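Single-letter residue listing:
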Amino acid sequence: MKLCIDVGNTTIGFGFYKDNKLVNKLTLATSLDKLSDEYKASLTLLMKENDINKEEVSAILYSSVVPLINEILLEAISYLFKNAKVYELDSSSPHDIKMDIDNPKEVGSDLIADLVGGKAKYNLPLVIIDFGTATKLLLLDKNAHFISALIMPGVEVASKSLFSKAALLPEVDLKSATNLLDSKNTINCIKHGILFGHYESIEGLCRRYEAELGYKLNKVITGGSSIFFKDLFNEQYIFDENLVLDGELVILNKLIGE
């Protein structure tokens with residue numbers, strides 16, 4: 001069994017693969033205050049609840065955009081999975097994406113996994129919209145060249161920022177949006193403003209990409225906050241909540257020679 005780990009600013013995803021198929025996915029909250037023993041205990045409990053045998057894990061790919069917890073988390077992982085070799089995903093990891101950008105070393109490990117997963121699973125050209133702490137748009141052209149990316153604050157960051165900066169506005173739960181005309185109270189006004197505003201931004205940016213390229217793009221939506229948009233985007237957008245982990249698996253297989 002293989003394990004792919006995606007450490008994000010908000011959550012940590014653990015994808016367990018057998019015969020190159022995702023058989024279990026666990027999630028922990030990212031915390032800068034947790035000790036290694038606390039991560040060990042939390043992950044051990046989750047694996048027990050999901051009947052996962054840690055002894056079966058033979059190879060691990062670790063991807064992180066939170067450097068401050070890497071040492072602590074890697075210590076916990078090495079302790080729990082003593083039979084597994086641990087690889088770390090970075091800009092030098094093997095992949096078949098041509099980085100046609102100014103500085104390929106700036107590309108985060110999560111974005112590399114997104115791109116690799118997108119190329120492996122979908123037809124090109126492709127734009128990947130990753131809704132996380134930040135919302136990212138990643139553009140793969142017809143030749144599998146990564147030629148552009150856009151980054152903006154994610155919906156939950158926008159919501160918390162508004163709450164923290166505007167004394168009279170409450171923090172809202174970003175559940176599914178209904179419609180613009182159903183904005184007759186403060187909660188819905190904020191929720192719909194953030195969700196529909198973000199949705200229109202994505203639609204407009206995708207149209208602008210297509211206009212500048214001169215051809216249509218396939219569109220894939222992923223990331224933890226994508227759940228807020230499932231009822232907004234039409235069938236032209238493919239939802240793939242496991243794109244990062246699946247991309248990591250492709251890279252891990254290259255690292256172990258499979």
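Let me sum up the structure you'll find in this document. Note that the structure is a prediction, hence the values are computed from the model and not measured.

1. Things to note about the layout of surface pockets
Estimated volume of the largest pocket: approximately 880 Å³. Taken together, 36 residues form the lining of the largest pocket, with Thr11, Phe131, Gly132, Gly223 and Gly224 sitting closest to its centre. Every element with two or more residues in the lining of the largest pocket is listed here: strand 1 (2-7), strand 2 (11-18), strand 3 (21-29), helix 3 (109-121), strand 7 (126-131), strand 8 (134-140), helix 4 (155-165) and helix 6 (243-255). What the second largest pocket holds in volume is close to 160 Å³. No other element matches strand 9 (residues 145-153), which puts four residues into the lining of the second largest pocket. Residues that form the lining of the second largest pocket fall into these classes: six nonpolar, two polar and one charged.

2. Section: the nonpolar core
Soluble globular proteins: nonpolar side chains tend toward being buried together. Counting 27 residues, the largest nonpolar core has Ile97, Met99, Ile112, Leu115 and Phe146 as its most contacted members. Among the elements of the structure, strand 4 (59-64), helix 3, strand 7, strand 8 and helix 6 are those that each provide at least two residues to this core. Among the elements that line this core, the one with the most residues is helix 6, at six residues. Once you skip the residues sitting within four places of it in the chain, phenylalanine 146 turns out to touch Ile97, Lys98, Met99, Asp100, Ile101, Val107, Leu115, Leu138, Leu139 and Leu140. Formed by 26 residues, the second largest nonpolar core is a distinct cluster that contains Ile5, Val7, Ile12 and Ile69.

3. Observations regarding the environment of valine 244
Take valine 244: it is sitting in helix 6. C-alpha separation for the pair valine 244 and serine 63, spaced 181 residues apart in sequence, amounts to 9.5 Å.

4. Details of the pairing of strand 8
Taking burial as the measure, the seven residues of strand 8 include six buried ones, the bulk of the element. Pairing between strand 7 and strand 8: six bridges, direction antiparallel. Counted as the bridge partner of isoleucine 129 is leucine 137 from strand 8. The antiparallel pairing of strand 7 with strand 8 creates a hairpin that spans two residues between the two strands. As defined by bridge partners, strand 8 adjoins strand 9 across seven bridges and the pair is classed as antiparallel. Across the sheet, the residue bridging to leucine 140 is phenylalanine 146, located in strand 9. Here strand 8 folds back onto strand 9 in antiparallel fashion, the turn holding four residues, of which alanine 144 has a positive phi close to 65 degrees.

5. What to know about the sheet that holds strand 1
With mixed pairing, five strands are arranged side by side in an open sheet as 3-2-1-4-5. In this open sheet, the two edge strands, each paired with only one partner strand, are strand 3 and strand 5 (85-88). Along the sheet, successive strands turn relative to each other by an average axial angle of 20 degrees, direction set aside. In terms of strand pairing, strand 2 meets strand 3 through eight bridges, oriented antiparallel. Within the sheet, the bridge partner assigned to glycine 15 lies in strand 3 and is lysine 25.

6. Description of the packing of aromatic side chains
For the structure shown, the criterion picks out five aromatic pairs. Aromatic pair phenylalanine 131 and phenylalanine 229: ring centres 4.5 Å apart, planes at 20 degrees, arrangement stacked. One end of the pair, phenylalanine 131, is in strand 7; the other, phenylalanine 229, is in the loop between strand 10 (218-222) and strand 11 (237-239), with 98 residues separating them in the sequence. Exposure remark for phenylalanine 131: the relative accessible area of 0% places this residue in the buried category.

7. Description of the environment of tyrosine 199
On the secondary structure map, tyrosine 199 appears in helix 5 (residues 186-213). Relative accessible area serves as the criterion here: at 14%, tyrosine 199 is assigned to the buried category. Each C-alpha atom of the pair tyrosine 199 and threonine 44 lies 38 Å from the other, and the pair is 155 residues apart in sequence. In this structure tyrosine 199 touches Phe229, Leu232 and Phe233, once residues within four positions along its chain are discounted.

Cut-off values and rules
- Residues numbered from 1 in each chain as written.
- Predicted model: local features only at pLDDT ≥ 70, side-chain atom pairs only at ≥ 80, totals over all residues.
- Heavy atoms only, no water.
- 1 Å grid on protein atoms, 1.4 Å probe; cavity = no way out; pocket = protein on both sides within 12 Å on 5 of 7 lines; lining within 4 Å.
- Points joined across faces, edges and corners; volume = space filled by probe spheres on them.
- Helix = DSSP H or I, 4+ residues; strand = E, 2+ residues; numbered from the N terminus.
- Nonpolar A, V, L, I, M, F, W, Y, C, P; charged D, E, K, R; others polar.
- Core = buried A, V, L, I, M, F, W, Y, C linked by side-chain atoms within 4.5 Å.
- Buried < 20%, exposed > 50% of the residue type's maximum accessible area, 1.4 Å probe, protein only.
- Contact = heavy atoms within 4.5 Å.
- Pairing = 2+ DSSP bridges.
- Axes fitted to C-alpha atoms, helices over the stretch in contact; angles between N-to-C directions.
- Phe/Tyr/Trp six-rings, centres within 6.5 Å; stacked < 30°, edge-to-face > 60°.

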